[in-house]
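Spelled out, the chains give:
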Amino acid sequence: MRKLFNGALAMATAATAMVAFAGTADARPAADWAGCPSGAVCIYPQNQNPAQRPSNVYWAYGPHNLSNQVGWHWVLNNQTGGASAELCLNYGGTNCNYTIGAQKGVYADLGPVNSIKLNRP
């Protein structure tokens, strides 16, 4: 009976180790995207197509007022965990009219856009 118990304990320990290993193996490190760091939302210089180096990088949740952003720009949401970003017509993150999902981007005319808002998932 002791051999049977020790064998079962060894199998349970091995199974637990495999589950723990599988969970770690599936976790992938977040990566930069077109120069936008993982976890950030980035705006690129006017008419830079394709996006290569951001001119503005935002990390904190909440609204961020924009200035001198006219014409067409790439806006990449490289946030993780499902966090979204919104383009807003007014300052202070109000009157938002376009939502950018996590790991998505948009080529947008920022002339009428006065703020960008980063939202928690």
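Residues numbered from 1 in each chain as written. Predicted model: local features only at pLDDT ≥ 70, side-chain atom pairs only at ≥ 80, totals over all residues. Heavy atoms only, no water.

Observations regarding the side chain of E86
So, point 1. Following the sequence through the fold, E86 ends up in strand β5 (residues 84-88).
So, point 2. The class of E86 is buried, set by a relative accessible area of 16%.
So, point 3. There is a polar contact of 2.9 Å between the side chain of E86 and the side chain of N119.
So, point 4. Beyond its immediate chain neighbours, meaning those up to four positions away, E86 contacts C96, Y98, T99, S115, I116, K117 and N119. (Helix = DSSP H or I, 4+ residues; strand = E, 2+ residues; numbered from the N terminus. Buried < 20%, exposed > 50% of the residue type's maximum accessible area, 1.4 Å probe, protein only. Polar contact = N/O pair within 3.5 Å; in protein donor to acceptor, adjacent residues only side chain to side chain. Contact = heavy atoms within 4.5 Å.)

Examining the nonpolar core
So, point 1. Residues V75, L87, L110 and I116 are the most contacted members of the largest nonpolar core, which totals 14 residues.
So, point 2. Listing elements by their share of this core, those giving two or more residues are β1 (41-43), β5, β7 (104-109) and β8 (115-119).
So, point 3. Not counting residues within four places of it along the chain, the set of residues in contact with V75 comprises V41, C42, I43, L87, I100, K104, G105, V106, L110 and I116. (Core = buried A, V, L, I, M, F, W, Y, C linked by side-chain atoms within 4.5 Å.)

Concerning the confidence of the model for the protein
So, point 1. A residue-level look at the protein finds 75% of positions with pLDDT of 70 or above and a mean pLDDT of 82.
So, point 2. In the model, residues 1-29 has pLDDT below 50 throughout and makes zero contacts with residues more than four positions away in sequence or in other chains. (pLDDT = per-residue confidence, 0-100.)

Examining the state of the cysteines
Here a disulfide denotes a covalent bond joining the sulfur atom of one cysteine to the sulfur atom of another.
So, point 1. Evaluation of the coordinates by the stated rule reveals two disulfides.
So, point 2. The disulfide that involves C36 links it to C42, with 2.1 Å between the sulfurs. Residues C36 and C42 are joined through a disulfide that is right-handed, its torsion about the S-S bond being 85 degrees.
So, point 3. A relative accessible area of 0% places C36 in the buried class.
So, point 4. Taken N- to C-terminal, the disulfide-bonded cysteines of the protein are connected 1-2, 3-4. (Disulfide = S-S within 2.5 Å.)

Examining the side chain of N78
So, point 1. For N78, the location among the structural elements is in the loop between β4 (72-77) and β5.
So, point 2. Within polar-contact distance, the side chain of N78 engages the backbone oxygen of P37 at 3.3 Å.
So, point 3. When sequence neighbours within four positions are dropped, the list of residues in contact with N78 reads A31, D32, W33, C36, P37, S38, G39, A40 and Q103.

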